[in-house]
Amino acid sequence: MQLLLSLALLAITANAVCTKITVRREWGQLSAADKNAYIAAVKKITARPMSNQYKDPTKMSTDDFSTTHAANAHWAHANAEFLVFHRAMLRLYEKALESAGWTGGLIYLDEGAVPTTWNKLDLFSKDYFGSVTRTQQCLTDGQFSKASGFVDLGDNGRSCVSRCGSGTMWSAKYIATNVLSTATTYEQLRGDDTANYHGTGHMVMGGNCDMGNPLWSPRDPLFYLHHTYVDKIYWKWQQLCPSYVTDYEGNLSAGKNPNPLLGNSRPVSPTLPLDSWVGLTAADVFDTKNDFLCYTYSKSAGDIDYTAAKCPKGQTANTNPWATNTTKTRRQDETRLAKRAATKLPSGSVTVAEGINGTSQVQVTCASKTSNYIIPAGCVIHKSFCSHISVKPANSEAAKKDSHCPMVIRPACDKETDYVRADNLKAPEPTSVYQYPSFLTDKQIRVRNMDHCGVRASDVNVMRLVDELNAGLRV
Ligand SMILES: [Cu+2]
């Protein structure tokens, strides 16, 4: 009896409603002092040495977050885990900032309210995050430039952050009409995360620089403002109908158009652990008013009125908290989206051949190296890098159905890449500052039906990076 009672108490505590709720605010809602205080905390956790554990955010550094994101990129995007994986990541990052003195909660950038004028915001100025550059060069001004003493690896091997985007975001109106007012399931809301407001924000603000890199985007501190915005959209949708809070379905990898490289799909479940965010399951991050998350969002210009789809049978819709707020937005149609995508096609040579079952085989030549890719049916190349490509739905019809065009495709391989350590490097010792993260076991890869070659190739990159860090070759 005693035991039963304490078990019941335990269950109540685990689901306890939080008492001190944090309101996550929009960048423009902060005072200048708050903007600087937020940035100061970001710099503090970036300066921490890697803790190589993913449970205690008071010890985690920005690199712990970036490395984990890169190591999990293959299933944290373009599949059902996308929204919950990133929500867990954000909450841990928020706690890390708290431990560095910033208790004002995560900050979001209301991109939908400034689809064409985003780069005119004070955020992208010498006072704060720095101006957007045209090429792959390091940030030239702002508090995250090298000159200001900010050191992060960047994706370019130059120990700096680069940010070279341009273009138009999905407007609030477009998101309200095409996402929020039509989605009646978690998977419909997530849609194609590689090509919707999430993927578009990365590409528009990051271009071919850090934010545009599917693996290493968290190296630009802007990542967290973008993803908090993405999380706000998820949160907004969850407010509509009672069942939406816990609605969660879909597959890990693959879907209607299985990616030949990732194999067949496997359904998700709320009790499945979220990879690398130790001790957390998807269910732990559904309700933002639970004890662990304990946050809500401020109202901002992008919170425009719209008519949501009817709630599932037997449920009464919650009141739309932003029913009276309307804002003028620019119409963004499919043609313009398609036009913009077309300008992002790879600069190297690309040869396309017919594949099996609607797939296509593509040869991309980059810096005189040729790689072969298999592109799933219904997808086309969105962006190509020398090491990998990302794809998007071939047409708007495919984009409406969740087409599962993966964010990252690595070259087809039949043999695993081995890590050949350069002579000037050695494996981390127990006392080394940087350690390898825990890599996936063969079994974990099998269970998820993931691409073995691709995962191991990414491990090799991480190992090389860690070795170079320990050898002081990267600062
Ligand atoms: Cu991500």
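Predicted model, so just to flag it, every value in this text is computed and none were measured. Residue numbers restart at each chain and count upward from 1, following the sequence in its written direction. Only residues with pLDDT of 70 or above have their local features reported here, since the model is predicted, and side-chain atom pairs are shown and tallied only from 80 upward, although totals for entire chains, interfaces and linings are computed over all residues. Heavy atoms from the whole structure form the basis of all side-chain values; hydrogens and water molecules are not counted.

*Asks:* Before we go on, may I ask you to explain the UniProt feature "domain: Tyrosinase copper-binding" (unreviewed entry) in the protein chain in this structure?
*Replies:* UniProt positions are given in the numbering used here, feature names are shortened, and annotations may be inferred rather than shown by experiment. UniProt's feature table lists "domain: Tyrosinase copper-binding" (unreviewed entry) at residues 77-94 and 220-231, given in the numbering used throughout. In residues 77-94, the share of helix is 72% and the share of strand is 0%. The end C-alpha atoms are 21 Å apart. Helix and strand assignments come from DSSP, with helices taken as H or I runs of at least 4 residues and strands as E runs of at least 2, each series counted from the N terminus. Its end C-alpha atoms 18 Å apart, residues 220-231 is made of 83% helix and 0% strand.

*Asks:* What am I meant to see in the packing of aromatic side chains here?
*Replies:* The geometry of an aromatic ring pair comes down to the distance between the two centres and the angle between the two planes. Pairing of aromatic side chains here covers Phe, Tyr and the six-membered ring of Trp, requires ring centres within 6.5 Å, and sorts the geometry by plane angle: under 30 degrees stacked, over 60 edge-to-face, intermediate tilted. Evaluated as defined, the whole model comprises 20 aromatic pairs. Geometrically, the ring pair formed by Y108 and Y297 is edge-to-face, given 5.7 Å between the ring centres and 75° between the ring planes. With Y108 in strand β2 (residues 107-108) and Y297 in strand β5 (residues 295-297), this pair connects stretches of sequence that are 189 residues apart. For the pair formed by Y108 and Y297, the shared burial category is buried. An angle of 80° between the planes, with centres 5.3 Å apart, marks the rings of W118 and F124 as edge-to-face. Partly exposed describes any residue whose relative accessible area lies between the buried limit of under 20% and the exposed limit of over 50%, with all areas from a 1.4 Å probe on protein chains only and scaled to the type maximum. You can call W118 buried: its relative accessible area is 0%. Taking the relative accessible area as the measure of exposure, F124 reaches 5% and is therefore buried.

*Asks:* I would appreciate a short explanation of the coordination of the copper ion in the present structure.
*Replies:* Four donors placed tetrahedrally about a metal ideally form angles of 109.5 degrees, and six donors placed octahedrally ideally form angles of 90 or 180 degrees. Taken together, H69 (NE2), H77 (NE2) and H86 (NE2) make up the protein donors of the copper ion, found 2.0 Å from the metal. Because no water is among the atoms considered, metal sites can look incomplete, with donors defined as N, O and S atoms within 2.8 Å of the metal, or 3.2 Å for Na, K and Ca. Donor residues binding the copper ion come from one chain and are separated in sequence as H-x7-H-x8-H. Accessibility assignment for this pair places H77 and H86 in one class, buried.

*Asks:* Just to check I follow, could you spell out helix α4 (residues 82-99) for this structure?
*Replies:* An α-helical segment advances 3.6 residues per turn. Residues three or four places apart therefore align on the same side. Its 18 residues give α4 an end-to-end C-alpha distance of 26 Å, which sits within 8% of 26 Å, the value for a rise of 1.5 Å per residue. The element α4 is extensively covered by neighbouring structure, given that 15 of its 18 residues are classed as buried. Following α4 by one or two positions, G101 has its phi on the positive side, about 105°. Expected span of a helix, by definition, is 1.5 Å for each gap between consecutive residues, and there is one gap fewer than residues.

*Asks:* In this structure, what is going on with unusual backbone geometry? I would like to understand it.
*Replies:* The phi torsion of most residues other than glycine is negative, and most of the peptide bonds are trans. Despite not being glycine, N52 shows a phi value in the positive range, around 55°. With respect to the helices and strands, the residue N52 is situated in the loop between α2 (32-47) and α3 (62-76). With a phi close to 55°, C294 is a non-glycine residue in the positive phi region. Here C294 shows up in the loop between β4 (266-267) and β5.

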